[in-house]
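# Survey of secondary and tertiary structure
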Amino acid sequence: MSEDLKPMIRKIFEEAYNKGNLEVLGELIAPNYLRHQPPMKKVEGSEAYKKFVADVRSAYTNFNIRLEEILEDGNKTVVRITLTGKHTGKTPTLMAPPTGKEISMVGCVVSTWENGKVVEEWVYNDYMGLTHQFGVVPLAVDGFV
């Protein structure tokens, strides 16, 4: 693949997630987009993805995703992220009521690209750590996290 995908994936996170500029998703997300985020239900289609991003942003005050590392191989990018914010709204993934707590969650996003757009993603986040921060799930072993 001749395109440099790193600036494109960076644009998705910095513009859409961090700044709320969802219009960039039209440039970079395919209409037939599919997001797998176990154990959550799939997000299908670019319009559903725009709504998902808007919902995630609205669940956290001072929402930010820091890109820790970006790898590119052929038509794939892998991004290691840290999400931070204050949980003041209902999350679209965990459906937890607002806790008012500051949170930090690590994750990884594996994206497949075709013709300059993301067509599929597999997302793995530390939901156990997040629910622990929400106060919903206690740690089973002291010092585990």
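Described in the following lines is the structure provided in the data block. For every chain, the first residue of the written sequence is number 1, and numbering continues from 1 onward in sequence order. Local features in this predicted model are restricted to residues whose pLDDT is 70 or higher, and side-chain atom pairs enter the listing and the counts only when it is 80 or higher, whereas totals over whole chains, interfaces and linings include all residues. Computation of side-chain values: all heavy atoms of the structure, hydrogens and water removed.

### Considerations on the sheet that holds strand 5 (residues 102–114)
Overall, mixed pairing links the 6 strands, which are arranged 2-1-6-5-4-3 in an open sheet. In the strand order of this sheet, the two ends are held by strand 2 (43–44) and strand 3 (60–73), each with one partner. In the packing of helix 3 (residues 46–59) onto the sheet, the strands contacted are strand 1 (29–36), strand 2, strand 3, strand 4 (76–87) and strand 6 (117–125), and the crossing angle to strand 1 comes to about 55°. In short, DSSP must find at least two bridges between two strands for them to pair. Numbered from the N terminus, helices here are DSSP runs of H or I no shorter than four residues, and strands are runs of E no shorter than two. Note on contacts: a residue pair is in contact if any heavy atoms of the two residues lie within 4.5 Å. Here the axes come from fitting lines to C-alpha atoms, over the contacting stretch only for helices, and the angles between their N-to-C directions go from 0 to 180 degrees.

### Examining the packing of helix 1 (residues 5–19) against helix 3
Angle between the axes and distance between the axes are the two parameters that describe a pair of packed helices. In the contact formed by helix 1 and helix 3, the axes pass within 9 Å of each other and the chain directions differ by 60°. Comparing the axis directions of helix 1 and helix 3 gives the class oblique. Every residue of helix 3 that contacts helix 1 at Ile-12, Ala-16, Tyr-17, Asn-18 and Lys-19 is listed here: Tyr-49, Phe-52, Val-53 and Arg-57. In the scheme used here, Gly and all other residues not listed as nonpolar or charged are polar, with Ala, Val, Leu, Ile, Met, Phe, Trp, Tyr, Cys and Pro taken as nonpolar and Asp, Glu, Lys and Arg as charged. In terms of residue class, the contact of helix 1 with helix 3 is made up of 6 nonpolar, 1 polar and 2 charged. Note on terminology: angles under 35 degrees are roughly parallel, angles over 145 are roughly antiparallel, angles of 65 to 115 are roughly perpendicular, and the others are oblique.

### A few points about the pairing of strand 1
Relative to strand 6, strand 1 runs parallel, the two being bridged by 4 bridges. Within strand 6, the position partnered with Ile-29 by the bridge is Val-118. Sheet topology places strand 1 next to strand 2; 2 bridges connect them, and they run antiparallel. Bridge assignment links Arg-35 to a residue of strand 2, and that residue is Val-43. Between strand 1 and strand 2, which follow one another and run antiparallel, lie 6 residues.

### Section: the pattern of salt bridges
In what follows, salt bridge is the name for a side-chain nitrogen of Lys or Arg lying within 4 Å of a carboxyl oxygen of Asp or Glu. As enumerated under the stated definition, the model contains 7 salt bridges in all. Linking Glu-47 and Lys-50 is a salt bridge whose minimum nitrogen-to-oxygen distance equals 3.5 Å. You can see Glu-47 and its partner Lys-50 sitting in helix 3, 3 residues apart, about one turn around the helix. Relative accessibility thresholds used throughout: buried, under 20% of the residue-type maximum; exposed, over 50%; partly exposed, between the two (1.4 Å probe, protein chains only). Residue Lys-50 is classed as buried on the basis of its relative accessible area, which comes to 19%.

### A look at the packing of aromatic side chains
For any two aromatic rings, the description comes down to two numbers: the centre-to-centre distance and the angle of the planes. The aromatic pairing rule takes the rings of Phe, Tyr and Trp, using the six-membered ring of Trp, and pairs them if the centres are within 6.5 Å, calling planes under 30 degrees apart stacked, those over 60 edge-to-face and the rest tilted. Tallying each qualifying case throughout the model produces 7 aromatic pairs. Judged by centre distance (5.4 Å) and plane angle (20°), the ring pair of Phe-13 and Tyr-17 falls under stacked. One end of the pair, Phe-13, and the other, Tyr-17, are both in helix 1, 4 residues apart, so they sit about a helical turn from each other. Comparing Phe-13 with Tyr-17, the two get one shared label, buried. Taking 6.4 Å as the distance between ring centres and 70° as the angle between the ring planes, the aromatic pair formed by Tyr-17 and Tyr-49 counts as edge-to-face. Residue Tyr-17 is found in helix 1, and its partner Tyr-49 is found in helix 3; the two are separated by 32 residues along the sequence. Per residue, the accessibility class of Tyr-17 equals that of Tyr-49, and both read buried.

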